[in-house]
Amino acid sequence: MTDAPTAPPDPGPDPGPDPVRDPWREPMRLALDEAVRARETDDVPVGALVLGPDGELLGRGHNAREAWGDPTAHAELLAIRAAAARRGEWRLEGCTLVVTLEPCTMCAGASVLARLDRVVYGAVDPKAGAAGSLWDVVRDRRLNHRPEVIHGVRAEECGALLKSFFRGAS
């Protein structure tokens, strides 16, 4: 008896458009472009953007911990700092953080403190994520501000970039 090739499992019906995540696909592509820049300095490839209420790019950043020798040089913090400087104030009300990896506790806390309206991320971080996976800092009811969270935007692409980096690092 010969083994006949089997067809891959049926993925089911095409889910069609996703009105929650689709508007963030293009900004996430820009965040992915930023993440690739982190690899130039052997930093974990995470990229982030802060968009104004009208969608204007206010700040961008990529991990620079290795490049700067700074444990706080996470992509999100650099993008938030750039956006605050551009706006001339620390309150980023009406703004959205778009990041390729779920924020850690430090970056989730910064999102709350900056009064961001929304955090959009790609890949889940089950080891250090603080926007719904390991912790949920951004939606903690005890805090005075809770950004909306949208996860899973271009998650496969974001995750593949990270997996590729860590495969090469080991």
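Note: the structure precedes this text.
Residues numbered from 1 in each chain as written. Predicted model: local features only at pLDDT ≥ 70, side-chain atom pairs only at ≥ 80, totals over all residues. Heavy atoms only, no water.

Asker: Can you explain the packing of aromatic side chains? Please cite residues and give values.
Answerer: What describes a pair of aromatic rings is the distance from one ring centre to the other and the angle between the planes of the rings. Counted by the stated rule, this structure contains one aromatic pair. Judged by centre distance (5.1 Å) and plane angle (80°), the rings of Phe165 and Phe166 are edge-to-face. On the basis of relative accessible area, Phe165 is assigned to the buried category, the value being 12%. Given a relative accessible area of 45%, Phe166 falls into the partly exposed group. (Phe/Tyr/Trp six-rings, centres within 6.5 Å; stacked < 30°, edge-to-face > 60°. Buried < 20%, exposed > 50% of the residue type's maximum accessible area, 1.4 Å probe, protein only.)

Asker: Describe unusual backbone geometry, and please don't skip the residues or the numbers.
Answerer: In this structure, Asp42 is a non-glycine residue whose phi angle is positive, near 60°. Among the structural elements, Asp42 can be located in the loop between helix H1 (25-38) and strand S1 (47-51). What makes Asp42 exposed here is its relative accessible area of 59%. Despite not being glycine, Arg154 has its phi angle at roughly 55°, a positive value. Within the fold, Arg154 resides in the loop between strand S5 (148-151) and helix H5 (155-169). (Helix = DSSP H or I, 4+ residues; strand = E, 2+ residues; numbered from the N terminus.)

Asker: Help me get a handle on the side chain of His62, residues and values and all.
Answerer: As for its placement among the helices and strands, His62 is situated in strand S2 (residues 57-62). Of note is the side chain of His62, whose polar atom sits 2.7 Å from the side chain of Glu34. If near-sequence neighbours (up to four positions away) are discounted, His62 is found in contact with Glu34, Arg37, Ala38, Val46, Gly47, Ala73, Ala75 and Leu78. (Polar contact = N/O pair within 3.5 Å; in protein donor to acceptor, adjacent residues only side chain to side chain. Contact = heavy atoms within 4.5 Å.)

Asker: Explain H1 to me, using residue names and the numbers behind them.
Answerer: Along its 14 residues, H1 runs 20 Å from first to last C-alpha, staying within 8% of the 20 Å computed at 1.5 Å per residue. Of the positions making up H1, those classed as buried are Pro27, Met28, Ala31, Leu32, Glu34, Ala35 and Ala38. Angular distribution of buried residues about the axis of H1 spans 165°; they occupy a single face of the element. (Expected span 1.5 Å × (residues − 1). Arc of directions from axis to C-beta.)

Asker: Requested: an account of the side chain of Ser111, with residues and values cited.
Answerer: On the secondary structure map, Ser111 appears in helix H4 (residues 105-113). Beyond its immediate sequence surroundings of up to four residues, Ser111 is in contact with Ile80, Leu97, Leu116, Val119, His145 and Pro147.

Asker: How would you explain the sheet that holds S2 if you had to name every residue and give the values?
Answerer: Reading across from one edge, S2-S1-S3-S4-S5 is the order of the five strands in this open sheet, with mixed pairing throughout. Edge positions in the sheet fall to S2 and S5, since each has one partner strand and no second. Strand-to-strand twist in this sheet, taken as the mean axis angle between neighbours without regard to direction, amounts to 15°. Where S1 lies against S2, five bridges are found, and the strand directions are antiparallel. (Pairing = 2+ DSSP bridges. Axes fitted to C-alpha atoms, helices over the stretch in contact; angles between N-to-C directions.)

Asker: Give me the lowdown on the state of the cysteines, citing residues and values where you can.
Answerer: Under the defined criterion, the tally for this structure stands at zero disulfides. Sulfur of Cys107: no disulfide; nearest cysteine sulfur belongs to Cys104 and is 3.8 Å away. Its relative accessible area of 0% is what places Cys107 among the buried residues. (Disulfide = S-S within 2.5 Å.)

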